[in-house]
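Now for the letters of each chain:
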Amino acid sequence: MKRMEIAIRAAKEAGIFLKENKDSISGLKYKGSHTNPVTNMDVDAQKIIVNMIKIYFPSDVILAEEEIGKNKSNKNMWIIDPLDGTVNYIHRSSIYTVSIAYMGEKALELGVVFAPELNELFYAKNKEGAYLNESKVHVSDKSDISLALVETGFSYKHREREKFIPIFSEILQHVQDVRVTGSAALELCYVACGRADGYWEYSLSPWDLAAGVLIAKEAGAIISTPSGEKLDIFKGDILAIAPSLYQEFIELINRR
Ligand code: LIP
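Computed from a predicted structure; not experimentally measured. (Residues numbered from 1 in each chain as written. Predicted model: local features only at pLDDT ≥ 70, side-chain atom pairs only at ≥ 80, totals over all residues. Heavy atoms only, no water.)

K.L.:
Even after reading the chapter, I still don't get the overall build of the protein, so can you show me in this structure?
P.N.:
Scanning the protein from N- to C-terminus turns up seven helices and 14 strands. Against the globule reference of 18 Å for 256 residues, the protein gives a C-alpha radius of gyration of 17 Å, in line with a compact fold. Summarising its shape, the C-alpha atoms of the protein cover approximately 50 × 40 × 35 Å along the three principal directions. In the protein, of all internal contacts separated by at least 6 residues, the share reaching a separation of at least 24 is 64%. Counting only carbon and sulfur atoms, one obtains 50% of the accessible surface of the protein, whose full area is about 11,600 Å². (Helix = DSSP H or I, 4+ residues; strand = E, 2+ residues; numbered from the N terminus. Rg over C-alpha atoms; globule rule 2.2 N^0.38 Å. Contact = heavy atoms within 4.5 Å. Areas by Shrake-Rupley, 256 points an atom, 1.4 Å probe, with all protein chains shown as cover.)

Structure below.
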């Protein structure tokens, strides 16, 4: 059994579990502040994924959002967000995903993002293109930033939110519109399939980013930090954007 097959099977099983048990949310806790909730559903969805991986790849290392004593490696491991969009989920929104990636020795090897209530499965393998369900996807060819629809998100950390507002204001004045969906993984996939022309956000976790970054890259997006440096998913600042918008967007976002 190949890792991609297990990743897709696990994402679908965990996603269907989340969808079918939305009214069984309990054990609502907060990690640090009221803006960062965790529920029994995050933990139970993660168990579905981790148990399946351990059956087929018992010696694989796993980094998962709700894992106690998270592994300290940064390669040859699974990177899992069992429920990306937790705030949306606890408010009964349908905008949430399961995100599963595998980081090899030098690069991300596979990424799977499943949105169960949208019935959308995004996936990619390194150097093999990006797909939505059975169709190959590509970033948009937008070149006029005033006509660009870009996505972003608000950090759980209050001090980050205060710093973010001036940047948000600058971008909002120069693009067609800005959207915040609450799931980094889905926002990266929307850049991959051209529904959005770019996405940027700060202070994310590696599990928010890993799968969506590979999918967006394989669909032709330029991937960097918002300041134009090489992305490190373990540092959490991300820009994924259609190539023809990159230079102008970088200049805009670094005015503040
Ligand atoms: C969320 C991200 C989102 C970000 C939220 C949160 P979670 O991940 O997907 O983009 O704005 O602050 O980090 O916590 O729902 O897995």
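Having seen the model, we can carry on.
K.L.:
Which parts of the structure should I look at to understand the pairing of strand S6 (residues 108–115)?
P.N.:
It is a general feature of regular strands that their side chains alternate between the two faces of the sheet. Taken across its eight residues, S6 has seven buried, putting it largely inside the fold. Sheet topology places strand S5 (residues 97–103) next to S6; six bridges connect them, and they run antiparallel. Residue Ser-99 lies in a different strand from S6, and its bridge partner there is Val-113. Hairpin connection from S5 to S6: four residues lie between these consecutive antiparallel strands. (Buried < 20%, exposed > 50% of the residue type's maximum accessible area, 1.4 Å probe, protein only. Pairing = 2+ DSSP bridges.)

K.L.:
Before we go on, may I ask you to explain the packing of aromatic side chains in this structure?
P.N.:
Any aromatic ring pair is given by two values, namely how distant the centres are and how the planes are angled relative to each other. Under the defined criterion, the tally for this structure stands at 11 aromatic pairs. Seen in terms of ring centroids, Trp-78 and Tyr-102 are 5.3 Å apart; in terms of plane orientation they differ by 70°. Their pairing is edge-to-face. Of the two residues, Trp-78 is situated in strand S4 (residues 77–84) and Tyr-102 in strand S5; the sequence distance between them amounts to 24 residues. Centre to centre, the rings of Tyr-89 and Tyr-96 are 4.8 Å apart; their planes meet at 80°, and the pair counts as edge-to-face. Classification of Tyr-96 as buried rests on a relative accessible area of 0%. Aromatic rings pair up to connect Phe-154, Phe-164, Phe-168, Trp-200, Tyr-202 and Phe-249 into one cluster. (Phe/Tyr/Trp six-rings, centres within 6.5 Å; stacked < 30°, edge-to-face > 60°.)

K.L.:
Is there a simple way to explain the site of the ligand in this structure?
P.N.:
Near the ligand, the surroundings consist of 15 residues, among which Asp-84, Gly-85, Tyr-156, Ala-184 and Glu-201 are the closest. At a separation of 3.3 Å, an oxygen atom of the ligand approaches a polar backbone atom of Leu-83. Burial of the ligand by the surrounding chains reaches 93%, relative to a free accessible area of 380 Å². Ranked by the residues each element gives to the shell around the ligand, the list is headed by S4, at three residues. In terms of residue class, the shell around the ligand is built from five nonpolar, five polar and five charged. (Near = heavy atom within 4 Å. Polar contact = N/O pair within 3.5 Å; in protein donor to acceptor, adjacent residues only side chain to side chain. Nonpolar A, V, L, I, M, F, W, Y, C, P; charged D, E, K, R; others polar.)

K.L.:
Would you mind going over the pattern of salt bridges with me for this structure?
P.N.:
The tally for this structure, following the rule as stated, stands at 13 salt bridges. One salt bridge in this structure joins Asp-23 and Arg-92, with 3.5 Å as the shortest N-O distance. Taken together, the residues span a long stretch of sequence, with Asp-23 in the loop between helix H1 (3–20) and strand S1 (29–30) and Arg-92 in the loop between helix H3 (86–90) and S5 at a distance of 69 residues. Given the relative accessible area of 69%, Asp-23 is considered exposed. Overall, Arg-92 belongs to the partly exposed group, its relative accessible area being 43%. Lys-163 is paired through a salt bridge with Glu-160; the nearest N and O atoms lie 3.7 Å apart. With Lys-163 and Glu-160 both in helix H4 (residues 158–172) and three residues apart, this pair spans about one turn of that helix. Owing to a relative accessible area of 16%, Glu-160 belongs among the buried residues under this scheme. (Salt bridge = Lys/Arg side-chain N within 4 Å of Asp/Glu carboxyl O.)

K.L.:
Teacher, can you tell me more about the nonpolar core here?
P.N.:
Nonpolar side chains in soluble globular proteins tend to end up buried together. Ile-79, Phe-122, Leu-188, Ile-215 and Ile-238 are the most contacted members of the largest nonpolar core, which totals 40 residues. Mapped by element, the contributors of at least two residues to this core are S4, S5, S6, strand S7 (120–125), strand S8 (130–132), helix H5 (184–192), helix H6 (206–218) and strand S14 (238–241). Those residues in contact with Leu-188 that lie beyond four places of it in its chain are Tyr-199, Leu-209, Gly-212, Val-213, Ala-216, Ile-238 and Ala-240. Ile-53, Ala-64, Ile-80 and Leu-83 belong to the second-largest nonpolar core, a separate cluster that totals 31 residues. (Core = buried A, V, L, I, M, F, W, Y, C linked by side-chain atoms within 4.5 Å.)

K.L.:
Help me understand the sheet that holds strand S12 (residues 198–201) in this model?
P.N.:
Within a sheet, adjacent strands bond to each other through the backbone by hydrogen bonds, running parallel or antiparallel. Taking strand neighbours across the sheet as the criterion, the five strands line up as S11-S10-S12-S14-S13 in an open arrangement whose pairing is mixed. The outermost strands of the open sheet, each flanked by one partner alone, are strand S11 (177–180) and strand S13 (222–224). Within this sheet the neighbouring strands show an average axis-to-axis angle of 20°, counted without direction. Here S13 pairs with S14 via three bridges, running antiparallel. Across the sheet, residue Ile-223 finds its bridge partner in S14, namely Ala-240. Each of strand S10 (149–152), S11, S12 and S14 is contacted by H5, which is oriented at about 150° to S12, the strand it contacts most. (Axes fitted to C-alpha atoms, helices over the stretch in contact; angles between N-to-C directions.)

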